[in-house]
Amino acid sequence: MKRLFFLFATISIASITMAQSLEDDFEAFKKKQNAEFSQFKADQQAEFDAFRKRVNDEYAAFMEKNWEAFQGKPAVQPKKEPETPPVIYEEPEPKPQVTPKEEPKPQVTPKEIPVQPDVVVVPTPAPAPEPIAPVQPKEDKQPIKRTSISFYGTLASVNFPDPDGFKLKSLDEKDLAAAWKQLSDSKYDIVLANLLALRKSLQLCDWGYLQLVQDITKKHYSVSNEATYMQAFLLTQSGYKVRLAKDNSAIYLLVASQYNLFDYNYYIIDGQAYYALDCQAKQLQICQASVQKEKALSLQIAKTQNLNEDLSDKRKLMSKKGVTASVCVNKNEIDFYNNYPGGYLNGDVTTSWTAYANTPLDSKIQTQLYPTFQKIIQNMNQKDAVNLILNWVQTAFEYEYDSKVWGRERTFFAAESLFYPYCDCEDRSILFSRMVRDLLHLPVVLLYYPGHLATAVNFTDEVQGDYLTYKDKKYVVCDPTYIGAPVGKTMPSMDNAKAKIVVLK
């Protein structure tokens, strides 16, 4: 028995020793792997840093050359459209019945004539610009000073090196080039990394990121020239197509945009319009230094900006058919939209509505608004469901002219129509198109008539009524400003043969 016990003890000790040895070997292997991976990351980051330094050195060298004088072009104002008032739909009077003495006339079904309109297709927005190279700041190896702002009600904080020490000696080309090299030092990587992290966490579109960079730098630097210069540097490093400009006393930021922006003076450089956001000068000296793969700013908003909530009072919206929905809106989001620029593509003003119509409705608004409709339409056919939504948009909102409310042309994002007390034809069309796409997943286009905007829906069911064709598909007219009109009715005086289809995603 003792011998057997000794044997078991010996085996147990050997097993424990072997297990410990295996564990030690595994830990050693894991440490080796982690060390090798860390070294790989360090080597890769060193390559990125070297590449970015080379790009910025070349940029600074170009900056030392004489800047070229450019003449500015005046801001384009939104075209004042004739404002079409809402029209009340009147049910056609029933036809008199034929008396037995009369010979009944054969019934003739009106032949539907498809309309082939002009079509406007806006390109699918490209992904957001990428930085020149990935940035990995060494936060634990340098002192920092945090600068914080309230960005549409949301705390946004960015770390700057402490002390910063950035100051423009003069507006001489050599001093400006030296300043670019100073900002290219790795100690400023933390600023860029923090801003890019905020762009991601707040889900900022290009315009939102531009505003964030401007607000942070204006808060951090007391001198406007330093703030503007830093904006140009950070946006360039982030992959945006911007240019620096100057006169005898100040530095200015010029931003390239995919859209032609309303209300901003601009300069044409190599065939591209660059917009002066804070400058009315008729002539500026402009540096044409650039980086590879830089991208012009887009006005498309792919996601709702992730801003803190400041909810409006709940608004009750009831249609003439008794459909009632209550909704409150994030006022921080409304403030963001209120500062959003208008713009258009390729000289075609009809493209200006796509940035609004393609913007998603905040998911928190959807959870308030959509269940009411989903419950009612779940057993309806497509035509009846669209008619219900159409009537709600037609009759639950009060119509008013932009010129009276705003004193200018003003287009709403869908959320804004749910917030402001008045809306007009383009606002209703944008909201209706958004709801039909979200609730029924049916393709919708905007219909532009001179002075009026409506919509048309591509049903998978067979639906009768006025329609236009696009890509051999039938789009039935739905007009949110033709009050009480059902699907398939065109507002009087509007000619579908002269309408233009504006394609939405």
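We now turn to the structure provided with this report. (Residues numbered from 1 in each chain as written. Predicted model: local features only at pLDDT ≥ 70, side-chain atom pairs only at ≥ 80, totals over all residues. Heavy atoms only, no water.)

For the bond from D162 to P163, the omega torsion is 0°, close enough to zero to count as cis. Inspection of the secondary structure assignment puts P163 in the loop between β5 (154-161) and α2 (173-183). One non-glycine residue, K471, lies in positive phi territory at about 55°. You can see K471 is positioned in the loop between β19 (467-470) and β20 (473-478). Residue K471 is classed as exposed on the basis of its relative accessible area, which comes to 65%. A positive phi angle, close to 65°, is found at D472, a residue other than glycine. Relative to the elements of secondary structure, D472 occurs in the loop between β19 and β20. (Helix = DSSP H or I, 4+ residues; strand = E, 2+ residues; numbered from the N terminus. Buried < 20%, exposed > 50% of the residue type's maximum accessible area, 1.4 Å probe, protein only.)

With that out of the way, let us pick up empty space enclosed by the protein. Within this structure, the stated rule accounts for three cavities of 30 Å³ or more. Roughly 130 Å³ of internal volume is contained in the largest cavity. Residue lining of the largest cavity: 16 residues in total, with E81, P82, C425, E426 and G451 positioned closest to the centre. Breaking the lining of the largest cavity down by element, the ones donating at least two residues are α12 (425-440) and β18 (452-457). Counted by class, the lining of the largest cavity contains seven nonpolar, three polar and six charged residues. (1 Å grid on protein atoms, 1.4 Å probe; cavity = no way out; pocket = protein on both sides within 12 Å on 5 of 7 lines; lining within 4 Å. Points joined across faces, edges and corners; volume = space filled by probe spheres on them. Nonpolar A, V, L, I, M, F, W, Y, C, P; charged D, E, K, R; others polar.)

A rise of 1.5 Å per residue sets the reference length of helix α8 (residues 363-377), with its 15 residues, at 21 Å; its end C-alpha atoms lie 20 Å apart and thus fit the reference within 8%. Buried within α8 are the following residues: I365, L369, Y370, F373 and I377. Tucked into the core, α8 has its buried residues touching β13 (324-327), α6 (331-338), α9 (382-395), α11 (414-417) and α12. Capping of α8 at its N-terminal end is provided by D362; its side-chain oxygen lies 2.9 Å from the backbone amide nitrogen of K364. (Expected span 1.5 Å × (residues − 1). Contact = heavy atoms within 4.5 Å. Polar contact = N/O pair within 3.5 Å; in protein donor to acceptor, adjacent residues only side chain to side chain.)

It is worth spelling out the packing of α8 against α12 at this point. When two helices pack together, their arrangement is given by the angle between the helix axes and by the axis-to-axis distance. One can describe the packing of α8 onto α12 by two numbers: an axis separation of 11 Å at closest approach and a directional angle of 65°. For the pair α8 and α12, the sense of crossing is right-handed. Of the residues in α12, those in contact with Q366, L369, Y370, F373, Q374 and I377 of α8 are R434, M435, D438, L439 and L440. Tallied by class, the residues present in the contact of α8 with α12 amount to seven nonpolar, two polar and two charged. (Axes fitted to C-alpha atoms, helices over the stretch in contact; angles between N-to-C directions. Left-handed = near helix turned anticlockwise from the far one by under 90°.)

Right, let's get into the side chain of S298. Tracing the backbone through its elements, the reader meets S298 in the loop between β11 (283-286) and β12 (315-318). Judged by its relative accessible area of 6%, S298 is buried. A polar side-chain atom of S298 sits 3.1 Å from the main-chain amide nitrogen of Q300. Every residue in contact with S298, bar those within four places of it in the chain, is listed here: P125, D206, W207, Q258 and Y340.

M63, L212, Y229, F373, W392, L418 and M435 are the most contacted members of the largest nonpolar core, which has 124 residues in total. Excluding residues that lie within four positions of it along the chain, M435 makes contacts with L369, Y370, F373, I389, W392, V393 and L440. Core analysis: the second largest hydrophobic core is formed by 17 residues, Y449, Y475, A499 and I501 among them. (Core = buried A, V, L, I, M, F, W, Y, C linked by side-chain atoms within 4.5 Å.)

A few words now on the pattern of salt bridges. Within this structure, the stated rule accounts for 10 salt bridges. Notably, a salt bridge pairs R52 with D189, separated by 2.6 Å at the nearest N-O pair. Of this pair, R52 sits in helix α1 (residues 2-63) while D189 is found in helix α3 (residues 189-201), placing the two residues 137 residues apart along the sequence. Considered together, R52 and D189 belong to a single accessibility category, that of buried residues. Of the charged contacts in the structure, one is a salt bridge between K364 and E309, with a shortest N-O distance of 3.3 Å. In this pair, K364 sits in helix α8 while E309 sits in the loop between β11 and β12, placing the two residues 55 residues apart along the sequence. (Salt bridge = Lys/Arg side-chain N within 4 Å of Asp/Glu carboxyl O.)

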